[in-house]
Amino acid sequence: MVIQTASKPQTFSPSTSKRVMRNYQVVLKCVDQSQREEINQRIRTLEERQHILLTPQVIKKAVELYKTNPKERFFTRKLGKEVGKNPNIAESAFHWLYVAIKGKIDKEQKVQGLLNFLLKNPQQLLEWLIFGRSPYTERSLENYWRLRRRYIINLLNSTRLQVDSYWRRKHKTSYFTNFSQFNALLPTCTQPEILQAIDDALSYYNHEFSLLPHLTRNQKAFLAKLQLLKKEQSTVVPFLTSWINSSHTSRWKSLKTLAEQLAKLIGKPSRKLFSTVRLIVVFTLFDHYMQSVPQLLKGLPVTKVVPLPFKRKKKGRLPIKLLMKKDYVITRQGNAKELTDQIKKQGWTELGFPRKGKQKLTAQVHFPSKASEYIRNGAHIKVFQVSSGQAPSFKPRVDVVLEGIHACFHSNTLLYHYVAQVPRKKLSILGVDINRLGQYMVAFNTPIPLTQDLLQLADHYTHLSDKVLPELTKGLLRKRKEYDSHGCYKLKGELNRVYTRRHRILRELTRLLPHFLAAVMVKKKCKVLKIERLTVDPTGTKGALAKAIYTMPDSLFIYKKAVWLASLELCYDVQLEAVLPYHTSTLHYGCGGVLTRQSGQYDVAPCKKCGQQVNTHNNASKNIASLTGTLLPLDPFPSSYV
């Protein structure tokens, strides 16, 4: 079957007429290695000049100026006049300062929202105070702000440390006596206090759950765990007393370890007691903290808690931004329009790197075929960004920012490359199960083999993880025992390169998977794509589970991009639905029996009811396709930001 790649009407999606920007790396070709090193050194000098401009006084002026008028053109022009540096290298420095201040203001708003949420929820406030984290807060803010949970966790941790640092500077000696010290030892407690906390927690949740008409499975399990701790209080109380009265580098991780030890001592090693043990700690310390902490947070000036930009800046790491309408210290052949016309005709342009008292050096900037195609589709050059390279190559990096409508950046070449490899059979509902990297990293409710390029990337990732990294780690340990500093230095560099290579493989898979999923939807004429929305947090998790979670290319971005690409080709909206992830992998789709999944049985497991050997991934995708899903609203895609 030959599928025609006729152009689709660009008025299909309301976002297609919106102007967006995309960032691409281009190649800087020099005459020889010595000239490249000299060009790199000149760029490095410009970066250092840019760095010198970002003094604390300039940053303070910039923050005040941003509040009066947040438009970038006014901001950079006004700041340049006040500082007396305009335009050249100052324009680039003030652009990055504008971006950083915008991020600071955004963080201030989020920190204020976080503190307001915690003041309304005392239990979550104490969890954040004691552990620096709060699962309920993380889930709530993740859904409210529509941000990744990792961002929320980092925000909670950083805010916790910054608040403590502020009160240390503010109150100094009185902070240690009249106020609760956030990062010091917890208030000492006795065994009767913990016994009372267990009784209070059980009584409180018995009352709360009695008001509900029906308890969920998780609520019943949580109540059963509390009752178990009450029953085994003679074992639990001494351990918890010792834990509270001791110091810990990470209270979150050490409490996880304590909960696992208590489960083994009680004789229930498979029970997850972390949430209930954490609750008892909160109830124990409730009276100690709730008298002073809310007053501390209410009078907290958020603007002083969130640090100013470039507090810990790395020297010379900001790229030089070449504004197309300015005369810059790095010269180019014409303005943005003229450069765009050059790339359309010949695919390259030239940049010049002058230096006072020395000969001007030039180098050609060659655009990759993909970026050249986007320019021919109607995109135009917005800005160049030039940065210096590190040893040993000293290779400068040049990025170009292209601006245009969505249609300029849409290419179906890769999609139709995959379409030819997908079996032909219509299917209106597709269920997708995402797993760890390998043969079954993407499983559908109909037999669809993975393409060779995806399998090769997954095999390469596994080879680096299972063979190369362990060998390098053993070699590094051996060199340390031999006190071979030169050998340690070389192996550390090689380890960093392997980790970078492995990260790039995951990034490439994230780029290719949406096109593969879209190709399947196009070939099957799919109308609904069903996924299971996992919210598993692998932070602090060890072993095979953490490895599997970290290597799952599971991101809502992948699904949304795939649905967007398929919708453009099919000329109708493909719906994206999320189903509850409970028991999709353990219930047999054919007979309804339970699959026995033991250690090592990740891909194939026997069914207790019919005895059949079942592929767990294909079975999970069939269960996902059969369940009722919740329609996910498709945000404007792709994003309008670089």
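To start, this report covers the structure provided alongside it. What you see is a predicted model; the values in this text were computed from it and never measured.

The subject of this paragraph is the sheet that holds strand E8 (residues 429-434). Ordered by their spatial adjacency, five strands build an open sheet running E9-E8-E10-E11-E14, and the pairing between neighbours is mixed. Of all the strands in the sheet, the pair left with one neighbour each is strand E9 (442-444) and strand E14 (630-631). Here strand E11 (residues 575-579) runs beside E14; their pairing, made up of two bridges, is antiparallel. Paired with Glu 577 across the bridge in E14 is Leu 631. Lying on the sheet, helix H22 (residues 616-626) is in contact with E8, E9, strand E10 (528-532) and E11; it crosses E8 at an angle near 135°.

We now examine the state of the cysteines. A disulfide bridge is the covalent bond that connects two cysteines by way of their sulfur atoms. By the definition in use, this model includes zero disulfides. Here Cys 610 is not cross-linked by a disulfide; its sulfur's nearest cysteine counterpart is in Cys 607, at 3.6 Å. Assessed through its relative accessible area of 39%, Cys 610 is described here as partly exposed.

Before going further, it helps to spend a moment on the environment of Thr 284. Relative to the helices and strands, Thr 284 resides in helix H12 (residues 274-289). Taking the relative accessible area as the measure of exposure, Thr 284 reaches 7% and is therefore buried. When the C-alpha atoms of Thr 284 and Glu 193 are compared, they prove to be 6.3 Å apart, with 91 residues separating the residues in sequence. When sequence neighbours within four positions are dropped, the list of residues in contact with Thr 284 reads Cys 189, Ile 194, Ala 197 and Ile 244. Looking at Thr 284, its side chain comes within polar contact range of the main-chain oxygen of Ile 280, at 2.7 Å.

Tallying each qualifying case throughout the model produces 17 salt bridges. As a salt-bridge pair, Glu 38 and Arg 42 come within 3.0 Å of each other at their nearest N and O atoms. You can see Glu 38 and its partner Arg 42 sitting in helix H1 (residues 33-53), four residues apart, about one turn around the helix. Overall, the relative accessible area of 7% leaves Arg 42 in the buried class. Residue Lys 382 pairs with Glu 403 through a salt bridge whose shortest N-O separation is 3.8 Å. Here Glu 403 lies in strand E7 (residues 397-405) and Lys 382 lies in strand E6 (residues 380-387), a separation of 21 residues in the sequence. Taking the relative accessible area as the measure of exposure, Glu 403 reaches 16% and is therefore buried.

Next up on the list: the pairing of strand E4 (residues 348-355). Bridge analysis of strand E3 (residues 331-332) against E4 gives two bridges, and the strand direction is antiparallel. Residue pairing across strands places Arg 332 opposite Leu 351, the latter belonging to E4. Both E4 and strand E5 (residues 358-366) contribute to a ladder of seven bridges, which runs antiparallel. Opposite Gly 352, over in E5, you have Thr 362 as the bridge partner. Connecting E4 to the antiparallel partner E5 that follows it, the hairpin turn spans two residues, and Gly 357 within it adopts a positive phi of roughly 85°.

Moving on to the packing of helix H8 (residues 191-210) against helix H9 (residues 217-231). It is at 10 Å that the axes of H8 and H9 come closest, and there the two elements cross at 155°. By the angle between their axes, H8 is roughly antiparallel relative to H9. With respect to the hand of their crossing, H8 and H9 are arranged in left-handed fashion. Across the interface between the two elements, Ile 198, Asp 199, Ala 201, Leu 202, Tyr 205, Asn 206 and Phe 209 from H8 touch Gln 219, Phe 222, Leu 223, Leu 226, Gln 227 and Lys 230 from H9. When its residues are assigned to classes, the contact of H8 with H9 shows eight nonpolar, three polar and two charged.

Rules used in this analysis
Residues numbered from 1 in each chain as written. Predicted model: local features only at pLDDT ≥ 70, side-chain atom pairs only at ≥ 80, totals over all residues. Heavy atoms only, no water. Pairing = 2+ DSSP bridges. Helix = DSSP H or I, 4+ residues; strand = E, 2+ residues; numbered from the N terminus. Contact = heavy atoms within 4.5 Å. Axes fitted to C-alpha atoms, helices over the stretch in contact; angles between N-to-C directions. Disulfide = S-S within 2.5 Å. Buried < 20%, exposed > 50% of the residue type's maximum accessible area, 1.4 Å probe, protein only. Polar contact = N/O pair within 3.5 Å; in protein donor to acceptor, adjacent residues only side chain to side chain. Salt bridge = Lys/Arg side-chain N within 4 Å of Asp/Glu carboxyl O. Parallel < 35°, antiparallel > 145°, perpendicular 65-115°, else oblique. Left-handed = near helix turned anticlockwise from the far one by under 90°. Nonpolar A, V, L, I, M, F, W, Y, C, P; charged D, E, K, R; others polar.

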